[in-house]
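Chain and residue survey
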Amino acid sequence: MNFDSYKRKWVEAFTSWKREPKEAPYSSDVVSETADLSTKEQNVYLHPPNQHLDIYTKRAALKVSTSVVCLKSYSGEKEIFQCSGTIIESVNTYSIILTTASLLRCSTIRNAIADNIRVIVHLFDGRSFDGQIESYDFHYNVAAIKILSDTPLPIASLAHLSDSITIDPSKLRVTEEKPFQLRPHSSSFNLIPGDSVIALSRFYTKPYDIMAAPGEFSIDRCDYDFFDCKELFMASCRIMRCGIGGPLINPYGEVIGICFQDLGRVAFLPINIASMWWEHYKEYRQSRRPWLGMEVTNLYAAGLEILERIISKFPDVLKGVIVEEVVPGSSAESAGIKHNDVIIQFGGKRIQSFLELFEIMWNNVGESVELTVIRASHDVPVHFSMVVEEATSDKLYSWPLWKAR
């Protein structure tokens, strides 16, 4: 073991929030089922940050925990998948749960629903309901499951992400840190790399306990051998497979994304995209999927040498979206977009961030739009026209085909 590994294990072992549990006496009031965890799942379950939660993590988790559910799917009598989900709507006797489409996916045929499927939903209070498939989308790997209950159920607060950060060096100053406190539902949340986030889930056996995995937002890209969805963000949380489909929350207990597992980390779909998908489905009863045709990220994530060349020529360009890859044969390639182009205007609107660009593309699927980019090799902005393509069946993102436990 090298020094860094030893130091990390020492810090984790002596966290001030660690308190060894005392074995509880047997009680017939709590019914527990045994769980056969793999070695990897045991490591995640016993991961010290997941075991020894601080008070801020607990407060945020408790604000939303009653709307986090466990879901299990079956093909006939054979179990297909276990995951988590979030109640986002509850009106009178029906509620809508946002989760992963892996719950429904056939384990042998990509982008197909398993035969003779049924879904069971387990709530925080032990109640169970049959789930009805309201909608699903294999491109973004999301699904909406409907359940019927006698009374409305607790719903989560959602906060759309704002991922706009300026590279303006004149903004260097120390800001006064505000005291932490939970806040009411808000419309947006500004997410900065290094910000604390928490992945929530429900364990897949009785009594379906809530689990929390704290971590930090990262600008790293996910493993494209595992996922190739270009809209995913990353966080350092470590979750078990049953945490897939569960909510990623901010320190205020607001849902900001849907979690997916990525080799010891969390890849998550921003709630902005999931919300647009769901609202569009409710209105038109069909999905919409803009196909980017390129991999992009926020300008602030570019290398320092690239930023220096850009800001020296275009000092007023302090936000935007930089192109990291152009997919061959895409409309982006046909338009003339190149690697390291910075998109500053799209569809007549100034682009501040990736999520702003995505929303404009979403609203213009099938349309030709004007865009403006800047290049370090040019002294003036370059203008293009580009058709926003739709992700047809041959262009759907690839997602893991999970085997039954």
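Anything mentioned here points back to the structure above.
Let's talk about the overall build of the protein chain
When helices and strands are tallied, the protein chain shows eight helices and 22 strands. With 405 residues in all, the protein chain has 49% of them scored as buried. Contacts in the protein chain between residues far apart in sequence, at least 24 positions, make up 69% of those at least 6 positions apart.

What to know about the sheet that holds strand E10 (residues 210-218)
Pairing is antiparallel around the closed barrel formed by six strands, whose spatial order is E9-E10-E11-E14-E13-E12. The sheet shows a mean angle of 45 degrees between the axes of neighbouring strands, taken without regard to direction. Judged from the three bridges that link them, strand E11 (residues 233-235) and strand E14 (residues 265-270) form a sheet pairing that is antiparallel. Along E14, the bridge assignment pairs Ala235 with Val266. Sheet strands in contact with helix H4 (residues 55-64) are strand E9 (196-202), E10, strand E12 (247-249) and strand E13 (255-262), and its direction is about 50 degrees off that of E9.

Some details on the nonpolar core
If you look at soluble globular proteins, the nonpolar side chains tend to sit buried side by side. Residues Leu71, Val121, Leu232, Phe268, Phe346 and Met386 are the most contacted members of the largest nonpolar core, which totals 116 residues. Once residues within four sequence positions are removed from consideration, Val121 is found in contact with Val69, Cys70, Leu71, Ile97, Arg127, Ser128, Phe129, Gly131, Ile145 and Ile147. In terms of nonpolar packing, the next biggest core, distinct from the first, is built from seven residues, Phe203, Tyr204, Met240 and Cys242 among them.

Quick word on the pairing of E9
For E9, the buried fraction is high: six of the seven residues fall into the buried class. Bridge count between E9 and E10: seven bridges; the pairing is antiparallel. Residue pairing in the sheet places Ile198 in a bridge with Pro214 of E10. With two bridges connecting them, E9 and E12 associate as antiparallel partners. Opposite Ala199, over in E12, you have Leu248 as the bridge partner.

What about the pattern of salt bridges?
As enumerated under the stated definition, the model contains 11 salt bridges in all. Between Glu89 and Lys282 there is a salt bridge whose closest N-O contact spans 2.6 Å. Of this pair, Glu89 sits in strand E2 (residues 78-91) while Lys282 is found in helix H5 (residues 271-284), placing the two residues 193 residues apart along the sequence. You can call Lys282 partly exposed: its relative accessible area is 32%. Salt-bridge contacts for Glu389 lead to Lys395; the nearest nitrogen and oxygen are separated by 2.8 Å.

Comments concerning the packing of aromatic side chains
According to the stated counting rule, one finds 13 aromatic pairs in the structure shown. Aromatic pair Trp277 and Trp278: ring centres 6.2 Å apart, planes at 40 degrees, arrangement tilted. Note on Trp277: relative accessible area 1%, which makes it buried. Judged by its relative accessible area of 4%, Trp278 is buried. Ring geometry for Phe358 against Trp362: centres 6.1 Å apart, planes inclined by 40 degrees, an arrangement best described as tilted. Separated by four residues within a single helix, Phe358 and Trp362 lie in helix H8 (residues 354-362), roughly one turn from each other. Of the two residues examined, Phe358 and Trp362, each falls in the buried class. Cluster of aromatic residues (ring-pair linked, three or more members): Tyr140, Phe217, Phe233, Phe268, Phe354, Phe358 and Trp362. Across the ring face of Tyr94, the terminal group of Lys146 is positioned such that the distance to the ring centre comes to 5.0 Å.

About the cut-offs
- Residues numbered from 1 in each chain as written.
- Predicted model: local features only at pLDDT ≥ 70, side-chain atom pairs only at ≥ 80, totals over all residues.
- Heavy atoms only, no water.
- Helix = DSSP H or I, 4+ residues; strand = E, 2+ residues; numbered from the N terminus.
- Buried < 20%, exposed > 50% of the residue type's maximum accessible area, 1.4 Å probe, protein only.
- Contact = heavy atoms within 4.5 Å.
- Pairing = 2+ DSSP bridges.
- Axes fitted to C-alpha atoms, helices over the stretch in contact; angles between N-to-C directions.
- Core = buried A, V, L, I, M, F, W, Y, C linked by side-chain atoms within 4.5 Å.
- Salt bridge = Lys/Arg side-chain N within 4 Å of Asp/Glu carboxyl O.
- Phe/Tyr/Trp six-rings, centres within 6.5 Å; stacked < 30°, edge-to-face > 60°.
- Lys NZ or Arg CZ within 6 Å of the ring centre and 35° of its normal.

By themselves, these figures tell us nothing about what the structure is for.
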